[in-house]
2 protein chains.
Amino acid sequence: MNADKIPDIIIGRLPIYLRALQRLSDKGVQNTSSQELGDMIGISAAQIRKDISQFGEFGKQGTGYSIPFLIERLQSILKVNRIWDVIIVGMGDMGHALARYNGFANRGFKVTMLFDNDPKKIGQKVNNLEIFSMDVLSEKIKQNRIKVAMLTVPASAAQEVSNQLVKAGVKAILNYAPTHLNVPPDVRVQHIDPATHLQRMTYYL
Amino acid sequence: MNADKIPDIIIGRLPIYLRALQRLSDKGVQNTSSQELGDMIGISAAQIRKDISQFGEFGKQGTGYSIPFLIERLQSILKVNRIWDVIIVGMGDMGHALARYNGFANRGFKVTMLFDNDPKKIGQKVNNLEIFSMDVLSEKIKQNRIKVAMLTVPASAAQEVSNQLVKAGVKAILNYAPTHLNVPPDVRVQHIDPATHLQRMTYYL
DNA sequence: AATATTTTGTACAATCAGGCACAAACGGTC
DNA sequence: GACCGTTTGTGCCTGATTGTACAAAATATT
């Protein structure tokens, strides 16, 4: 085990491995190899072995990896061997879609609260969750010790809302607004911007 | 100019630069420096200068970069100085949200067709666009020479639909299904999976 | 039991990416 | 016109990342 300082680029691949392993597990497969896993997800076998070996010797020569065991290890490393309560701020179309998404369930997350500043939306329910006013955002975050938020407000409001989230104690923000967020170093941000992702591909067309 | 072989990691940053520049431009700013831009988006000034200089000498010592000029150059490099017709396959909540998203307009893309295999959805309109049957997917893609698609079908169907897209001529796929897609080397894929993005952050909590 | 096959974990090598620092160029001021 | 402050583009260096190859370990086969 070499837990001192794992590069972020390796951490970023672990969820990919985990997703593929869960897929294999769902199909009833019990064992796999770095070769098979690599073929599945388009990553070299050596890279997978090296990444995994950063955290311990989880495989066995000759037979590869036990899928249930490796899943358990990766979940534990990524801290998704528990359920994180997640909030959604901004109940436009994207917020709605995420609130109704059922893909979080077995991956360590549960959407527990929704927020918007539109009086017409406040009090309504989406997927059995009430939409709260932004006025109670900070209070609710602190009360429920929320650490993870998805931000689906317009770009013009994103930085200000982000500041509120951080001030209330949120440490991980999944940002759907097409703008950069300025946050303190102890807060993590991941950006999802379809136009940016598309532009990254058109270069090659 | 050194166009031989630009690393993908640099291409990936250009849309970020472009987005920030357009934001400045919208505020009426005419000039900027690598320093200012870097502070905005959390990237070192040296990196920005080096990335941009891969494509030519767009700046001027002492004064920095002309924003309209740099925007024009980046759009041209990324081939978004035109409008790409984009289709959405899979009209669940995410497909709906993307169909109604108005953030593509000035960034080089326009959603022009929607597809689903649910007879109840076929023929309905979303954002003034009719939902077509999957039966006509290939035909419509070829007819309209579609190169870019957003894939918002369930994971279980993603690979098969992806095959259809590729066979019909699509070269860039924005994949919202939580699964890896196997495509030929001349097809680009970008993955958007909220659970994966979240798991990448929980490690640090 | 001996041999062949598979597969891991890692040492080493090679490549890639990012930061530093500075000459050169530009605009403004005196 | 000389000087000053600013900012680019780039050469060099360092550190990070990936690929190669192989010993060791496990299983399968004869």
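Thresholds applied
Residues numbered from 1 in each chain as written. Chains lettered and ligands numbered in written order. Predicted model: local features only at pLDDT ≥ 70, side-chain atom pairs only at ≥ 80, totals over all residues. Heavy atoms only, no water. Contact = heavy atoms within 4.5 Å. Buried area = accessible area lost by both parts, 1.4 Å probe. Salt bridge = Lys/Arg side-chain N within 4 Å of Asp/Glu carboxyl O. Polar contact = N/O pair within 3.5 Å; in protein donor to acceptor, adjacent residues only side chain to side chain. Near = heavy atom within 4 Å. Pairing = 2+ DSSP bridges. Helix = DSSP H or I, 4+ residues; strand = E, 2+ residues; numbered from the N terminus.

## Brief notes about the interface of chain A and chain B
Facing the 62 residues of chain A at the interface are 62 residues of chain B. Overall, the association of chain A and chain B removes approximately 5,900 Å² of surface from exposure, summing both partners, and the carbon and sulfur fraction of that is 62%. The tally of links from chain A across to chain B stands at eight salt bridges. Across the chain A-chain B interface, the total number found is 22 residue pairs in polar contact (both at pLDDT 80 or more).

## A look at the protein's contact with DNA strand C
Close contacts around DNA strand C come from 25 residues, with Ser 34, Arg 49 and Tyr 65 of chain A together with Gln 47 and Lys 50 of chain B the closest. At 2.7 Å from a phosphate oxygen of DNA strand C is found a side-chain nitrogen or oxygen belonging to Ser 34 of chain A. Here a sugar or linking oxygen of DNA strand C and a backbone polar atom of Gly 62 of chain A are 3.2 Å apart.

## Quick notes on the sheet that holds strand β3 (residues 64–66) of chain B
Pairing within the open sheet is antiparallel, and its three strands lie in the order β1-β3-β2 (chain B). Every other strand in the sheet has two partners, leaving β1 (31–32) and β2 (59–60) of chain B as the edge strands with one partner each.

## Remarks on the protein's contact with DNA strand D
Near DNA strand D there are 26 residues, and of these Lys 50 of chain A together with Ser 34, Arg 49, Gly 59 and Tyr 65 of chain B occur at the shortest range. When atoms of DNA strand D within 4 Å of the protein are split into backbone and base, the sugar-phosphate part holds 55%. At 2.6 Å from a phosphate oxygen of DNA strand D is found a side-chain nitrogen or oxygen belonging to Ser 34 of chain B. At 3.1 Å, a backbone N or O of Gly 62 of chain B approaches a sugar or linking oxygen of DNA strand D. Elements represented by at least two residues in the surface near DNA strand D include exactly α1 (8–26) and α3 (45–53) of chain A together with α3 (45–53), β2 and β3 of chain B. The greatest single-element share of the surface near DNA strand D, amounting to four residues, is contributed by α3 of chain A.

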